[in-house]
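Residue-level structure breakdown
Listed below are the residues making up each chain.
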Amino acid sequence: MVHQTMATSSTSASSASSKISPMTLNPLRLVVTALIVGTLAACSTPPAPSPSRPGAIPPPPPASTVVLPGDTGPLPPPLAQPKSRWVPVRWAELPGFGDDALHEAWNAWIKSCERPVPPFTALCSDVRQLSIATADEQRAWLIARLQPYRVEATDGNAEGLLTAYYEPMMDAARQPGNGFTVPVYRLPAGFGTRKPWYTRQQIETLPEAQAALAGRAIAWLRDPVESMVLHIQGSGRLRITEADGSTTTVRVAYAGTNDQPYQSIGRWLLDQGYTRDATWPGIRAWLAANPQRTNELMWTNPRYVFFKEEPLVGMDASFGPKGAQGVPLTPGRSIAVDRQSIPYGTPVWLASSGPQVQLSRMVLAQDTGSAILGAVRADYFTGWGPEAGDIAGRLKQNLRLWALWPK
């Protein structure tokens with residue numbers, strides 16, 4: 001899933017992990033149980049003082065005063081990534097480490113193990129077995145097997161930006177008509193022979209572009225703004241009215257683009273002085289007042305996204321679309337990152353505090369996005385539907401990240 005810009009209560013595991021018996025888990029329990037009692041005691045230390053500025057993430061406790069059991073050895077040297085520097089820290093530095101509902105993150109980690117990336121491949125057997133362990137056993141295993149590293153820019157700046165994305169849900173029709181006039185296209189015929197392909201304006205106006213797309217519409221939407229939302233998010237769920245009147249819910253997933261540059265329609269409105277509100281409600285309000293300028297606005301973004309239809313049944317409906325790692329995204333536990341700062345498949349501790357959400361939790365780096373660039377930068381997958389979209393549309397706040405890397 002390639003895009004431009006809520007925690008679940010499910011405890012379900014993959015089919016492989018759900019078949020593991022308690023007896024199979026016993027060796028792991030023996031390894032981690034010795035750490036649990038001490039970990040519980042250490043995690044109950046008083047909270048850090050309130051941050052000095054509104055929305056700031058509470059500072060970590062001094063490393064010299066709080067050390068969790070099992071985390072007493074010497075720290076390794078820093079690690080260098082192409083766009084970031086990783087500085088080793090104690091587990092006690094991670095905000096909220098003793099409070100996270102780790103089973104939710106484990107669901108996402110099991111998904112990453114469907115496409116394991118070195119050096120995490122060797123850990124996947126333990127990860128699957130620990131899907132039925134307690135949070136305390138999972139925490140103790142993390143301390144025993146992984147080393148947290150504070151992610152910093154190459155200049156030492158550990159503060160960054162958190163935004164969010166989601167999977168929109170939209171009504172659609174299999175055939176045009178009755179107000180459904182905006183197509184959702186598959187890849188055009190002969191795609192790849194011309195790069196970059198036609199711009200958005202050319203796709204909607206040139207006969208040769210229309211000819212290449214003839215018969216390629218998956219479904220039709222009512223609203224060009226909905227279409228733009230779908231293109232920006234890179235995936236969506238469609239409730240499609242079929243020709244016989246029945247309704248089918250499907251996913252349309254990212255298949256490719258016309259290789260044209262992305263331009264924000266909200267930024268264009270701001271730059272022209274047409275609005276001071278570039279949110280989706282603000283964009284809709286401007287279009288309601290200027291309906292004759294809809295094409296002009298949409299054509300300011302030359303990038304066009306093509307999709308593929310996927311069934312949405314069974315467990316597929318409980319997860320999001322596949323991210324760039326190639327595994328389904330987990331609401332509230334998957335993030336998009338700059339892969340030159342954090343490799344795909346890396347478990348990451350995320351801390352962000354602001355007016356929209358308060359987050360201190362483990363997530364998995366499973367996706368990327370064209371605007372997700374920089375060392376301390378993440379896009380948080382909120383799920384699907386109106387509530388997820390509301391959070392995703394407003395979330396823009398401070399961020400700190402810790403990469404959890406095998407020892």
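Not measured: the values here are computed from a predicted model. (Residues numbered from 1 in each chain as written. Predicted model: local features only at pLDDT ≥ 70, side-chain atom pairs only at ≥ 80, totals over all residues. Heavy atoms only, no water.)

1. Concerning the pairing of strand S13 (residues 347-353)
S13 sits mainly inside the fold: 7 of its 7 residues count as buried. The side-chain alternation of S13 yields two buried faces, one formed by Pro347, Trp349, Ala351 and Ser353 and the other by Val348, Leu350 and Ser352. Bridge count between S13 and strand S14 (residues 358-369): 7 bridges; the pairing is antiparallel. Counterpart to Val348 in the pairing with S14 is Val363. Between S13 and the antiparallel strand that follows it, S14, lie 4 residues. One ladder, built from 4 bridges, connects S13 with strand S16 (residues 396-406); its direction is antiparallel. The partner of Val348 across the bridge, within S16, is Ala403. (Buried < 20%, exposed > 50% of the residue type's maximum accessible area, 1.4 Å probe, protein only. Helix = DSSP H or I, 4+ residues; strand = E, 2+ residues; numbered from the N terminus. Pairing = 2+ DSSP bridges.)

2. Concerning the packing of helix H8 (residues 224-233) against helix H10 (residues 280-289)
Two elements in contact, H8 and H10, have axes separated by 11 Å at closest approach and are oriented at 150°. With respect to H10, the axis of H8 lies roughly antiparallel. Seen from above, H8 lies across H10 with right-handed handedness. Where H8 abuts H10, its residues Val225, Glu226, Met228, Val229 and Ile232 lie against Trp280, Arg284 and Leu287. Across the contact of H8 with H10, the residue classes break down as 6 nonpolar, no polar and 2 charged. (Axes fitted to C-alpha atoms, helices over the stretch in contact; angles between N-to-C directions. Parallel < 35°, antiparallel > 145°, perpendicular 65-115°, else oblique. Left-handed = near helix turned anticlockwise from the far one by under 90°. Contact = heavy atoms within 4.5 Å. Nonpolar A, V, L, I, M, F, W, Y, C, P; charged D, E, K, R; others polar.)

3. Re the nonpolar core
Nonpolar side chains in soluble globular proteins tend to end up buried together. Grouped together as the largest cluster of nonpolar side chains are 71 residues, with contacts concentrated most on Trp91, Trp106, Trp109, Leu142, Leu238, Ile335 and Met362. Once residues within four sequence positions are removed from consideration, Trp109 is found in contact with Phe120, Val127, Trp141, Leu142, Leu146, Pro347, Met362 and Leu364. By size, the runner-up hydrophobic cluster in this structure holds 11 residues, among which are Met228, Leu269, Ile283 and Trp286. (Core = buried A, V, L, I, M, F, W, Y, C linked by side-chain atoms within 4.5 Å.)

4. Some thoughts on the state of the cysteines
Overall, the coordinates contain 1 disulfide when judged by the stated rule. The disulfide partner of Cys113 is Cys124, and the S-S distance across this bridge is 2.2 Å. Handedness here is read from the sign of the S-S torsion; for Cys113 and Cys124, about -90°, the answer is left-handed. With Cys113 in the loop between helix H3 (102-112) and helix H4 (124-129) and Cys124 in helix H4, this residue pair connects regions lying 11 residues apart in the sequence. Overall, Cys124 belongs to the buried group, its relative accessible area being 5%. (Disulfide = S-S within 2.5 Å.)

5. Some details on unusual backbone geometry
Of note, the amide linkage connecting Pro118 to Pro119 takes the cis form, showing an omega dihedral of 5°. Tracing the chain through its elements places Pro119 in the loop between H3 and H4. Between Lys195 and Pro196 the backbone carries a cis peptide bond, its omega angle lying at -10°. Phi is positive for Asn178, close to 55°, though the residue is something other than glycine. Within the secondary structure, Asn178 sits in the loop between strand S6 (169-173) and strand S7 (182-185). The exposed category is assigned to Asn178, whose relative accessible area is 80%. Here the phi dihedral of Asp259 falls at roughly 65°; this positive angle occurs in a residue that is not glycine. Locating Asp259 in the fold gives a position in the loop between strand S10 (247-257) and helix H9 (265-272). What makes Asp259 partly exposed here is its relative accessible area of 39%.

6. Remarks on the pattern of salt bridges
The full count for this structure, using the stated rule, is 19 salt bridges. A salt bridge links Lys111 to Glu114; the nearest nitrogen and oxygen atoms lie 3.4 Å apart. Residue classification places Lys111 among the buried residues on the basis of a relative accessible area of 16%. Relative accessible area serves as the criterion here: at 42%, Glu114 is assigned to the partly exposed category. Bridged by salt links that share partners, the residues Arg85, Glu93, Arg150 and Glu152 form one connected network. (Salt bridge = Lys/Arg side-chain N within 4 Å of Asp/Glu carboxyl O.)

7. Things to note about the environment of Arg394
Mapped onto the secondary structure, Arg394 falls in helix H12 (residues 386-394). Distance in space between the C-alpha atoms of Arg394 and Tyr165 is 9.9 Å, their sequence separation being 229 residues.

8. A short note on the packing of aromatic side chains
Per the counting criterion, the structure on display carries 16 aromatic pairs. Ring centres of Trp86 and Trp405 lie 5.2 Å apart, and the angle between their planes is 75°; on these two criteria the pair is classed as edge-to-face. Highlighted residues: Trp86 in strand S3 (residues 85-88) and Trp405 in strand S16, separated in sequence by 319 residues. Judged by its relative accessible area of 17%, Trp405 is buried. (Phe/Tyr/Trp six-rings, centres within 6.5 Å; stacked < 30°, edge-to-face > 60°.)

9. Points about H9
Turning to H9, its buried residues are Ile265, Gly266, Trp268 and Leu269. Down the axis of H9, the buried set is contained in an arc of 160°. They therefore lie on one face. Where the residues of H9 are buried, they touch H8, H10 and helix H11 (294-298). With a side-chain oxygen lying 3.3 Å from the backbone nitrogen of Gly266, the N-terminal cap of H9 falls on Ser264. Gly273 sits one or two positions beyond H9 and adopts a positive phi of about 75°. (Arc of directions from axis to C-beta. Polar contact = N/O pair within 3.5 Å; in protein donor to acceptor, adjacent residues only side chain to side chain.)

10. Quick notes on the packing of H3 against helix H5 (residues 135-145)
Where H3 meets H5, the closest approach of the two axes is 9 Å, and the angle between their N-to-C directions is 60°. Considering the angle they form, H3 stands oblique to H5. Note on element contacts: H5 touches H3 through Ala135, Gln138, Arg139, Trp141 and Leu142, opposite Leu102, His103, Trp106 and Trp109. Split by residue class, the contact of H3 with H5 holds 6 nonpolar, 2 polar and 1 charged.

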